[in-house]
Structure formats: structure tokens, C-alpha cells
Amino acid sequence: MAAMASIRERQTVALKRMLNFNVPHVKNSTGEPVWKVLIYDRFGQDIISPLLSVKELRDMGITLHLLLHSDRDPIPDVPAVYFVMPSEENIDRMCQDLRNQLYESYYLNFISAISRSKLEDIANAALAASAVTQVAKVFDQYLNFITLEDDMFVLCNQNKELVSYRAINRPDITDTEMETVMDTIVDSLFCFFVTLGAVPIIRCSRGTAAEMVAVKLDKKLRENLRDARNSLFTGDPLGTGQFSFQRPLLVLVDRNIDLATPLHHTWTYQALVHDVLDFHLNRVNLEESTGVENSPAGARPKRKSKKSYDLTPVDKFWQKHKGSPFPEVAESVQQELESYRAQEDEVKRLKSIMGLEGEDEGAISMLSDNTAKLTSAVSSLPELLEKKRLIDLHTNVATAVLEHIKTRKLDVYFEYEEKIMSKTTLDKSLLDVISDPDAGTPEDKMRLFLIYYISAQQVPSEADLEQYKKALTDAGCNLSPLQYIKQWKAFAKMASTPASYGSTTTKPMGLLSRVMNTGSQFVMEGVKNLVLKQQNLPVTRILDNLMEMKSNPETDDYRYFDPKMLRSNDSSVPRNKNPFHEAIVFVVGGGNYIEYQNLVDYIKAKQGKHILYGCSELFNATQFIKQLSQLGQK
């Protein structure tokens, strides 16, 4: 079977084709690219930014990229490529651009399909502005989702509160509002499958928001397949044809099947960065304090400088270690640093050959290579400097994470929660941890207690609960999330049993003394080196049952949809008896990096199998608690 092109590759190819005026982009074409401007809205910006760097845009001939609703000057002799949502205000603004004759020609690309009536609005504006000949092409791109990794995507970053966990679970939501939420999710999933070039077989749990999504998506795929002239699934845009024999499985799950994982403190690098730092759309923003100046008392401390780093698949260190336990990451950064130091003299030597002692690194790429000696210096110096840049980046990011681990005792929380979730006996009472003023923030304590409450087979008695509530209030916690979880638990109890999280998990491995000697930048004293023991989280377990066609009470009554079947009859009896090679898990109501990493680890052991993870929004525990808290407020 041909290796499946990752969703990241497919979406990147589609974007490059669009930037190339909707003609496939050929890498080695000689001539200069056609210079053009790119006009996008915030949605378009969020889709492009994790996939194409500014340099790549420049290689595609994009000299300027501007937001649609910013003040833009006319550039009359340049074509403009638009990439926007087909919303009312966007269409109005595009019509205004036509009237003002801002550009030489207009290539209008819509992130989602545009309705007939809105198309007519554009046509009328073009007519009125005598610009009909300048509107070169109008395209529906079906790219309404954001790819963050080769095998991970989210629906949106803008207006994500529209499809958030809170929006779906609000007790006062009207049917029309719920329809809108579901249509928004289905539109993006439809775009995802058009880009993937495949019609999935859909499985979902009954009586949940996931089921509503499945019914609507099945209908939308079915209608498109029936329309023989315009079906989006007839040709294979990349000519890879890898889906001719086997179709992928789409497993739609509802966030409510597992509320503990999104609250869980974590121990792997990527999930920790998302949990404790400001990390979204693959970019982490750090505040670095530059220390206090030696100045008279009362002087202001130095300003904190803000730094942004992109953590992308091009970054080899990140690719290799994003799923590793944090102590291993600290160790690897340290080793990289030492190996670089060994080469530092080489860097100085190369710089002196090139006459660049005091030069900035940007000047290096400007050199001409006139001698063999210089040639080798020119080729190896940028590589070494790039290595140094990545080491600095990860030193800064890992140091910031380590600060949080130490000040909040996150290793203790992680280990304790793992024990709760795997029903192991606890060596310290929950009340002690909550009442310990040195361990964690009020939010950390709330997360721990909610996990205990969600995972408990037996809900604590009213008297015990009062005692916990008092301890939580004394620790400065807001109790609204607990209000919501209490109602949810009472409701879930009627529906089914709580999710189980497997058996034993972490085992501490002595302190990190051997690596983290005092010369190290990462002094990990007092931080436990916890080794992760692999076990499947509820979402991974559900996927495993459905992908491997295992019979299991947890998934036996999942509904089955095949949009390619002529009549949609809802039997939960799968036609397909063979295990699937490719599957997409999509969490309606929000997902997180812990779940994603768990799936990545699970599939490593399966030869020739491939999983994609998607969610309506990607949140960390802080954002999730905020939503629970809003739901719990009376």
C-alpha cells in the first residue's frame, strides 16, 4: 500500500496550488515566480501560518500578506490572491476592493464553499465597477481546518467559543443554536475529507453530540457523492490513489466520555509546553526577565522581554523529543549543548576565515565563496549556527517549563493523579495535598480534586465533600467547576460507568543526579524522574476496539454509517469485517496533547497503520477549567 500522504502535506500542497493561481506548484520550475499580494482574514491566516513560513511565501512570489479588513493601499499592477471565509462582511469588503480598483486582477479563494447568493453579490459588484475581466478566478478551497502536525488537526482558532465544550453542553442551548454548532463542525470535517481525498466509514457513540455530527456528516458526504458532475471525491487531487482499496475509519467521540484527561497534569514535553506556557498554533510565547540592574534602591527592575519561538516539524529536536518525558528532554538539551560547545572553537575558526569575528549571523549568507577553504566554511557555519539557535530555543523553553514544575511541584501532581486514575493506593491523603500551601496553585488543586471526583467509583459522602470543599475554598479555589462536574457525574451515572484508565502507571526512577550535575543548566534537584508506563486512555481504547474490529461492551452499540451505501439504513452492524489500516479520531467538544500523544504511542507498535487525531478545539487544563466554571455558575 502506498504510504499515505500526511494531512499536513496535503493541505500544504493545496495552499501552494492556490498561491500559484490554482495551478499545481512545481518545485524546480526555473523562471521567477509571479509577484503577487496575499489578502487573508484571520481564519486564512491561522490556516497558513502553521504550514508556510514567510520565506516559503516569498518563494511562491508573495511580496505582501495583508489582512482583508486592514487599511490597504492600491497596488494597481499586481495580482491579488484572496483567501477568506465567505462571510457577509468579507464579501462586502471584497466588493469594495473591486470598486476601488485596488489590484490588477483578483483570484478569489474561499476557505469554505460560498453560497450562490453571495456569488451573485460579487458578480454584481464586479459589473458595477466594470471589473468583470479582472476577476480572474473564483474557487472554493475546502480548507476550513488547521493542521498542526503531520497527523493532528483542529477546526478553528478564531471564534472557537462557537464550537467549544461549553457551547455544546450549555443547559440553555436552543435547538437552532445547537444546529449552528453542529453545522460549523460538519462543514470543517467535510473540508478535511475533501482535502484528504477519502470518504470515511463513520462510527460514533449514541445519544451524544458526536452522533449529531455523524448524522449530518453522513448526509453531507452522501449528497456530494450523488452529484455526479460536481462530486469532490471523484478525482484524486494528488494522484496518489492510495485510497482505492481501503477507506479510512472516522471515529467520532464526545468529550464527555473522558473529562479527567484534559484536567490531568502531564509529563511529556509538548503537552507540558501547552499546559504551562502560552502555546498555540505551534508558536510558544515566553516572557524572559532580563534580571535587575545594579542601580540604587527603588529603581525599576528590568523589563521582561517577550520572545516567540516556532516549534515546527522542521525542528529536529522537537520532532524527536516532543513526546518524551520531561527529564529526558532536559538531559538531551544538556547533551546537545555539550556537543555544541565542543564545536564552538570550530565556529570561531570558521568565522575568522571568513573575516566575520564581530559580524552578525545574517551577514554570513551574503558571502561569496572564492576559495575552497571558504567554501567549506560557508557550508558548515550556517549549519552549526542553526544548531546553536535550536539549542538556545529549547534551553529557554525547557527552562521556563522547569520553573513551573519546581514552583508548582507538578511532578507530585502528575504522579498522584496517575495513581488516582489507575486506582492505586495513595501514600498521602488528598486533603494533605490540597492543604499544602507549597504545592501548586489553586487551579492545580482543583484539577487534582476534579480528577479524584470524576474517577471515584463511589462519590464521596456529603460530610466528606463538605470537608474537601472547605479545604479547596481555604486554598483559594473557585468551586464552580465542581458544581458542573457534580451534575455531569449524576447524569453520566445514569448513562454508563465511568471511564477506566488502565492499571499501574508511573514508577519513580531515583533522582536525576547522574545527568543533572551541578554544572548543568537544568538543576532538577527535588524533581522526580518519573518513567511513563504505556497504557491506553479511553479515546485510544475506543479507537483500538473499532479499528481492530474487537467486540467490546464499550463500543458494541456504536452507530455505523457508510456514506457510499445507496440507502442509509442505520444498522450498527459493520459491513466491513477487516481491521482498518487508517483511522481518524475526532473529539467533539475539544481535545488535548495528552490524548494525541497517547494515540501516537499506541500506533507506533502497529506496523503499517496510520492514525490522525482531530478535535473541535485544542485546550489546555486552564482553558478547560474556565469552561467548566462557566457551566457550573448558577
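Structure: above.
Residues numbered from 1 in each chain as written. Predicted model: local features only at pLDDT ≥ 70, side-chain atom pairs only at ≥ 80, totals over all residues. Heavy atoms only, no water.

Should their charged atoms come close, side chains of opposite charge can pair. Tallied over the entire structure, the rule returns 30 salt bridges. Where Arg93 meets Asp97, a salt bridge forms, and the shortest distance between an N and an O atom there is 3.9 Å. Of this pair, Arg93 and Asp97 are both found in helix 4 (residues 88–99), four residues apart, which corresponds to roughly one turn of the helix. Comparing Arg93 with Asp97 shows no difference in burial state: the two are buried. The partner of Lys306 in a salt bridge is Glu287, and the shortest N-O contact between them spans 2.7 Å. With Lys306 in strand 12 (residues 304–310) and Glu287 in strand 11 (residues 283–289), this residue pair connects regions lying 19 residues apart in the sequence. According to the relative accessible area criterion, Glu287 is partly exposed, its value standing at 48%. (Salt bridge = Lys/Arg side-chain N within 4 Å of Asp/Glu carboxyl O. Helix = DSSP H or I, 4+ residues; strand = E, 2+ residues; numbered from the N terminus. Buried < 20%, exposed > 50% of the residue type's maximum accessible area, 1.4 Å probe, protein only.)

This next bit is on the nonpolar core. Counting residues in hydrophobic clusters, the biggest one holds 81 residues, and the most contacted among them are Phe83 and Val273. Here this core gets eight residues from one element, more than from any other, and that element is helix 12 (residues 372–408). Counting residues in each nonpolar core, the second largest holds 39 residues, with Phe145, Ile168, Phe561 and Leu612 among its members. (Core = buried A, V, L, I, M, F, W, Y, C linked by side-chain atoms within 4.5 Å.)

Attention now moves to the sheet that holds strand 15 (residues 559–561). One open sheet accounts for seven strands, arranged 6-7-17-16-9-8-15; its pairing is mixed. Two strands bound the open sheet, and with one partner strand each, they are strand 6 (146–149) and strand 15. The mean inter-strand angle of the sheet, taken between neighbouring strand axes irrespective of direction, is 20°. Pairing analysis gives six bridges linking strand 9 (residues 249–254) to strand 16 (residues 582–588), with the strands arranged parallel. The partner of Leu252 across the bridge, within strand 16, is Phe586. Those strands touched by helix 1 (residues 7–19) are strand 6 and strand 17 (610–615), and its axis lies near 135° from that of strand 6. On the sheet, helix 19 (residues 593–604) packs against strand 6, strand 7 (152–154), strand 16 and strand 17 and is oriented at approximately 170° with respect to strand 17. (Pairing = 2+ DSSP bridges. Axes fitted to C-alpha atoms, helices over the stretch in contact; angles between N-to-C directions. Contact = heavy atoms within 4.5 Å.)

To continue, consider the sheet that holds strand 2 (residues 62–67). In sheet architecture, strand pairing relies on hydrogen bonds along the backbone and comes in two forms, parallel and antiparallel. Spatial ordering of the open sheet is given by 2-1-3-4-5, a layout of five strands whose pairing is parallel. Each edge of the sheet is formed by a strand with only one pairing partner; in this case those strands are strand 2 and strand 5 (135–140). On average, each strand axis in the sheet is inclined to that of its neighbour by 20°, with strand direction left out of account. By the bridge criterion, five bridges tie strand 1 (residues 36–40) to strand 2 in an arrangement that is parallel. Paired with Tyr40 across the strands is Leu67, a residue of strand 2. Each of strand 1, strand 2, strand 3 (75–84) and strand 4 (103–110) touches helix 1; the most contacted strand, strand 3, lies at about 155° to it. Packed onto the sheet, helix 4 meets strand 3, strand 4 and strand 5 and runs at close to 165° relative to strand 4.

With that settled, the discussion passes to the pairing of strand 17. The buried fraction of strand 17 amounts to five of the six residues, a majority that puts the element mostly inside the structure. The pairing of strand 7 with strand 17 spans three bridges and is parallel. Residue Met152 lies in a different strand from strand 17, and its bridge partner there is Tyr613. Across six bridges, strand 16 lies against strand 17 in parallel orientation. Each residue of the ladder has a partner; that of Glu582, found in strand 17, is His610.

Time to look at a negative patch on the surface. Where like charges cluster on the molecular surface, the negative patch consists of Glu88, Glu89, Asp92 and Asp121. Per-element accounting of the negative patch gives the leading share, three residues, to helix 4. One can find Asp121 in helix 5 (residues 116–128). (Patch = residues over 30% accessible without salt bridge, like charges linked within 9 Å, V, L, I, M, F, W, Y side chains within 5 Å. Areas by Shrake-Rupley, 256 points an atom, 1.4 Å probe, with all protein chains shown as cover. Lys, Arg positive; Asp, Glu negative; His and termini not counted. Charge placed at Lys NZ, Arg CZ, Asp CG, Glu CD.)

Owing to its 3.6 residues per turn, the α-helix aligns residues three or four sequence positions apart on the same side. Between its first and last C-alpha, helix 4 extends 17 Å over 12 residues, near the 16 Å set by a 1.5 Å rise per residue. Next to the buried residues of helix 4 lie strand 3, strand 4, helix 5 and strand 5. After helix 4 finishes, the residue Gln101 shows a positive phi value of roughly 50°. (Expected span 1.5 Å × (residues − 1).)

In this section: the packing of aromatic side chains. For the structure on display, the rule yields 25 aromatic pairs. A ring pair is formed by Tyr103 and Tyr106, whose centres lie 6.0 Å apart and whose planes are at 65°; its orientation type is edge-to-face. As far as burial versus exposure is concerned, Tyr103 and Tyr106 are alike and both buried. A ring pair is formed by Phe279 and Trp318, whose centres lie 6.1 Å apart and whose planes are at 75°; its orientation type is edge-to-face. In this pair, Phe279 is assigned in strand 10 (residues 278–280) and Trp318 in helix 10 (residues 316–321), connecting sequence segments 39 residues apart. Residue classification places Trp318 among the buried positions, given a relative accessible area of 1%. Following the ring pairs from residue to residue traces out a cluster consisting of Tyr269, Phe279, Trp318, Phe326, Tyr593, Tyr596 and Tyr613. Positioned over the ring face of Phe21 is Lys36, at 4.9 Å from the centre of the ring. Here the guanidinium or amino end of Lys220 rests over the ring plane of Phe190, the centre of that ring lying 5.2 Å away. (Phe/Tyr/Trp six-rings, centres within 6.5 Å; stacked < 30°, edge-to-face > 60°. Lys NZ or Arg CZ within 6 Å of the ring centre and 35° of its normal.)

Glancing now at the side chain of Arg72. Inspection of the secondary structure assignment puts Arg72 in the loop between strand 2 and strand 3. Taking relative accessible area as the criterion, Arg72 reaches 8% and is therefore assigned buried.

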